[in-house]
Amino acid sequence: MKYENLKDELLSTIDTGLKYARTVDNEAEFELYLFYQNRAGVSITQGVVEASEGIIEGNAVRVMRQNSVSFASSSGISIDRIRRSVNEALASLRSVSIKDERFKGFCKPKKPGREGAFTSKILDLSKEELIDYARNMMKEGQEFEKRIKTVGSECSAEWGGFAVGNTQGLQQASRSAINSCEVYCIAVEGEERRTGYEFDITRERLIRTGGLGAKAAQRAVSLLGARKLNKTTVLPTIWEPMSAAAYIGVSLGQSASGQHVVEGRSPIAEKVGEEIANSKLTIIDNGQNPSGINTDAIDAEGYPQQKTTLVNRGKLNQFLFDTYYAHIYGSESTGNCSRRARATHPFPYETSPLIRPKNLEVKPGSKNLDDLIASIDGQAILIVDFPIGIFHSNVSTGEFSAVAQSVFLVENGAKKWPLQPVAVSGSFYTGLKQLLDVGSDLKTTVFNVETPTLVFDGFSIVG
Amino acid sequence: MHVNSESDYMLEKLEKCVELGEKMGARFVEARFDDLILRTLQRVNDVWKDIILRSRAGIGVVCYYGGASGYSFTASDDGKELENTVSRAVKMAKASAKVASLKLDFDRRPPVRSRESDIFPMKIHPGTKDLGYKTELVNRAIDTAREFGSNISNVTGMYGELYGRKLFTNSEGSIVDWNFEVIDLACRVTSITESGDLVNGIGHARGTTGLELFGTKESTPEDIGEEAGSHAKEQLKARACPAGRFRALIENELVGVLAHESFGHLSEGDSVVVGGSPLTGRIGERLGTDHATIVDYGTPNIPEFGGLWVPYDDQGTRADETTILDKGILKRYLHNRGTAHYLKQEPTGNSRAVHFGFIPIPRMTNTYFTPGELTKEEALELLDTGVYAIQTSGGQVEDNGSFLFRATRGYWVQNGRIKEPIREVSLSGNILNLLSKVEGATKDLRISAGYFGGCGKSGQFRLPCGLGGPELVIGEVTFGGKAS
């Protein structure tokens, strides 16, 4: 399949698949989702090379009859495999009566949004070029200095798309081509091991790997010689963009989901219009940002992707919805139906629809990182990379406890020395209210959150 | 994909892939076919949120050339597409070999043939029961959870099953043909405290077993619902765990997370050969106390202890018992064929992939601490004062041995007696430091392996793994929580 005619081919298969479904059961409503992606990836760790290239393709079918809904998916997009999914989904409905009175049907046709930015250079990337990129990043890291003992690098290029059709008359498709790279360096001195990490991910241009290996190495080396904080206390914490992105993604990224709101798991469910954060905080989910990694013309059920303001100057403005939860809540979809978290689900057709932010954007403030550090009286903790364990937090309690590995002590307005890992804990939602400042150093991260540095007060620190 | 209508139809396809790969210049070829069914049922309060059936059928091909590997896969069994797949794998391997400075070759070995006894015996295979049978299991768990819970804001019941055929052949003529299977029934209750906080209680029963599991003591849907409901109710009165360093008694499931996340990953051969693991070059060194023995075993005694049945890995190697840490001394790493050869050890059967779409990499099977001599009472007495940490909602480890795990619930223990419940709490530290503080282990071994959850590594998520152990008394652990 070629990129140019991908949409036509997928939509043609959608049409055939839906016609088949109608012949099997002309009373039921059907939705058919097809996914096709060519993906090549190379990883090099200390000279060990692993490379793969393959086509990820699959289909997913949802069937609704008399308020009962079921889902089946299969690898492959041949009509045989689609038939299998249709028949499995119907068999589920026939074998057990499972009502969901809240389900009112699939997405109705609407004018699609725009696909994100595209460059054909990504389609032309050869496996040799990917290997070169990875090798150069590794070499840069290794040559940085002697204390860098292990370097790993990865590059990948993917292009493809998806199509959605249903018996409401909707038939839409969207495409994207993305390339990404990452490098990590481990610096070792005696028993101490510190890791530095850098990355690039983009759909607008080819990845820029130059300098990333050295930056990752520099970061790892700068963390050596860490001292123990040696106390249990409460201190302000300065979260650089990578760690701030994890914070925003895990807290608002989850609790603003209409699913958690409707199902009673979101602690901000009743707080629309209320102040949930410092007035310096504005957060938008932008499914139409041309450079956003998750930007598509439609979401995973065919609804146009859009821009939604979640938090406006500290006040909760809106939740994120797909058609199903929007209906229950009494609202409109915000085009946030999704079938994947990109990093963890490379086979999205296997996932039944759920609500996910597309591209979260935190509006930057006016101070750069140095100014933010300079504004600290007494002590604070500077968190450079995302703390481990933060993704295991619980959306319903909002309580988190994570271990920040890459941390520095800040004292009286100056960055001091690296610290041994500290445990940081508190409540995400209380934290938003105790936000002290928002930086100007906006950065796109691998978590699909674009954010500057954030400064919080009130978290417990054990170090 | 043509599936399983003739037992050797797919084997012929795989053998053709091997032959093609060798013709195209690969020095060694592995081809495998997965034909897996995954069923997920999820009921949230009174609504069925998920009734999902997934079919994963496809072929994966690894080609080796000059100490490097290339991987490709396809969901099609069309001859032309298989040729393209093999061709992609060979080209990737050749391009990689030009830049590979650390080679992971391996020796040829006699072919492996799977046996009848590799089929795990079960009375009620999940494939033999209809959907209604399984939804009823979930309904029963939820009904009981509601009886035992209080101030409930959400009750979720989940059933999952994963089963199907795994077929493998390679350039040595190995033929490995076995069936993977794991089932899981879980219930989670979320309750609201008087101050508006949300707390959780969780119950589950799972592993490689037939559906007869849910008719046995402590594993019925009613037992699972009661556990979730009553623990959420208890959490309503629990206080936050104080932050700081305390003595700890760690319950079996959480001990398993320690064994898997904190230590097991560091022992995986791929991170060892590149020096990325702090265990690199430390075979024979004392890393823990005499109470710390950790093994990985693909076929443990599941009827007695629980766990996951993995007789072979995805390179066709038998997943025998590997003692990684023996009474505190580091003995072995967990290998694929390449890392074993490089480090001059025997392969351990730990090369696994989530499914045909991924290249096999060193992963664990069932990883657990072995039991000790203490009774529960003796363990509490040895703990004296500290935290009894129970169950887990996950964990993570860094390549330097740092870890963070979340205990779902726990108790504050004073002078050997359980004093009061505490809320969800995190434990953190460095595993190498923690192993040197293991003071004792209880007699009871439990291994847990589920459909929900699973292990994530190198972009491959939710690989079912077994983990467990006895209960361990640890001299000092850092607990998150609230600093005063």
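For the structure itself, look to the data block above.
These numbers come from a predicted model, not from an experiment.

Conventions and cut-offs
Residues numbered from 1 in each chain as written. Chains lettered and ligands numbered in written order. Predicted model: local features only at pLDDT ≥ 70, side-chain atom pairs only at ≥ 80, totals over all residues. Heavy atoms only, no water. Phe/Tyr/Trp six-rings, centres within 6.5 Å; stacked < 30°, edge-to-face > 60°. Helix = DSSP H or I, 4+ residues; strand = E, 2+ residues; numbered from the N terminus. Buried < 20%, exposed > 50% of the residue type's maximum accessible area, 1.4 Å probe, protein only. Contact = heavy atoms within 4.5 Å. Buried area = accessible area lost by both parts, 1.4 Å probe. Salt bridge = Lys/Arg side-chain N within 4 Å of Asp/Glu carboxyl O. Arc of directions from axis to C-beta. Patch = residues over 30% accessible without salt bridge, like charges linked within 9 Å, V, L, I, M, F, W, Y side chains within 5 Å. Areas by Shrake-Rupley, 256 points an atom, 1.4 Å probe, with all protein chains shown as cover. Lys, Arg positive; Asp, Glu negative; His and termini not counted. Charge placed at Lys NZ, Arg CZ, Asp CG, Glu CD. Pairing = 2+ DSSP bridges. Axes fitted to C-alpha atoms, helices over the stretch in contact; angles between N-to-C directions.

Undergrad: Would you mind showing me how to read the packing of aromatic side chains here?
TA: The description of two aromatic rings rests on the distance between their centres and on the angle between their planes. Residues and elements named next belong to chain A. Under the defined criterion, the tally for this structure stands at 39 aromatic pairs over all chains. Taken together, a centroid distance of 6.2 Å and an interplanar angle of 75° make the contact between Trp-239 and Phe-459 edge-to-face. You can see Trp-239 sitting in strand β7 (residues 232-239) and its partner Phe-459 sitting in strand β22 (residues 454-462), a full 220 residues away along the chain. The pair Trp-239 / Phe-459 is uniform in exposure class, with both members buried. An angle of 35° between the planes, with centres 6.1 Å apart, marks the rings of Tyr-247 and Phe-459 as tilted. Of this pair, Tyr-247 sits in helix α5 (residues 241-250) while Phe-459 sits in strand β22, and the two are 212 residues apart along the sequence.

Undergrad: Whenever I open this one, the interface of chain A and chain B confuses me. Can you help?
TA: By a widespread convention, an interface's size corresponds to the accessible area lost as its parts come together. Taken together, the contact pairs 78 residues of chain A with 83 residues of chain B. Three residues, A:Arg193, A:Glu350 and A:His392, lead the burial of chain A against chain B; their summed loss comes to 10% of the area buried on that side. Along the contact surface separating chain A from chain B lie two salt bridges. For A:Glu350, the salt bridge identified is with B:Arg56, shortest N-O distance 2.6 Å.

Undergrad: Help me understand helix α9 (residues 376-383) of chain B, please; the structure alone is not making it clear to me.
TA: Note: α-helices contain 3.6 residues per turn, so residues at a spacing of three or four share the same orientation. All names here are of chain B. Looking only at α9, the buried set comprises Ala-379, Leu-380 and Leu-383. Take α9 and look down its axis: the buried residues cluster within an arc of 100°, on one side only. Every exposed residue of α9 that faces more than 90 degrees away from the buried side is listed here: Glu-377 and Glu-381. Backbone geometry just downstream of α9 places Asp-384 in the positive-phi region, at approximately 65°.

Undergrad: Explain a negative patch on the surface to me, please; I cannot follow it from the model alone.
TA: Residues and elements named next belong to chain B. A surface patch of negative charge is lined by Glu-136, Asp-143, Glu-147 and Glu-226. Considering every element that reaches the negative patch, the biggest residue donor is helix α3 (residues 131-148), with three residues. Of note, Glu-226 is situated in helix α4 (residues 221-235). Exposure remark for Glu-226: the relative accessible area of 34% places this residue in the partly exposed category.

Undergrad: Mind showing me how you'd approach the sheet that holds strand β8 (residues 294-296) of chain B here?
TA: Within a sheet, each strand pairs with its neighbour through backbone hydrogen bonds, oriented either parallel or antiparallel. All names here are of chain B. Spatial strand order, β10-β9-β8-β13-β22-β19: six strands in an open sheet with mixed pairing. The open sheet has two free edges, formed respectively by β10 (329-330) and β19 (446-449), since each of these has just one partner strand. Inspection of the sheet shows strand β9 (residues 322-326) paired to β10 by two bridges, in the antiparallel sense. Bridge pairing links Asp-326 to Ile-329 in β10. The sheet strands contacting helix α5 (residues 252-264) are β8, β9, β10, β13 (366-369), β19 and β22 (466-469), and the helix crosses β22 at an angle near 120°.

Undergrad: Mind showing me how you'd approach the side chain of B:Thr144 here?
TA: Residue and element names in this part refer to chain B. Structurally, the position occupied by Thr-144 is in helix α3. On the basis of relative accessible area, Thr-144 is assigned to the buried category, the value being 8%. Ignoring anything within four residues of it in the chain, the contact list for Thr-144 reads Glu-222, Gly-225 and Glu-226.

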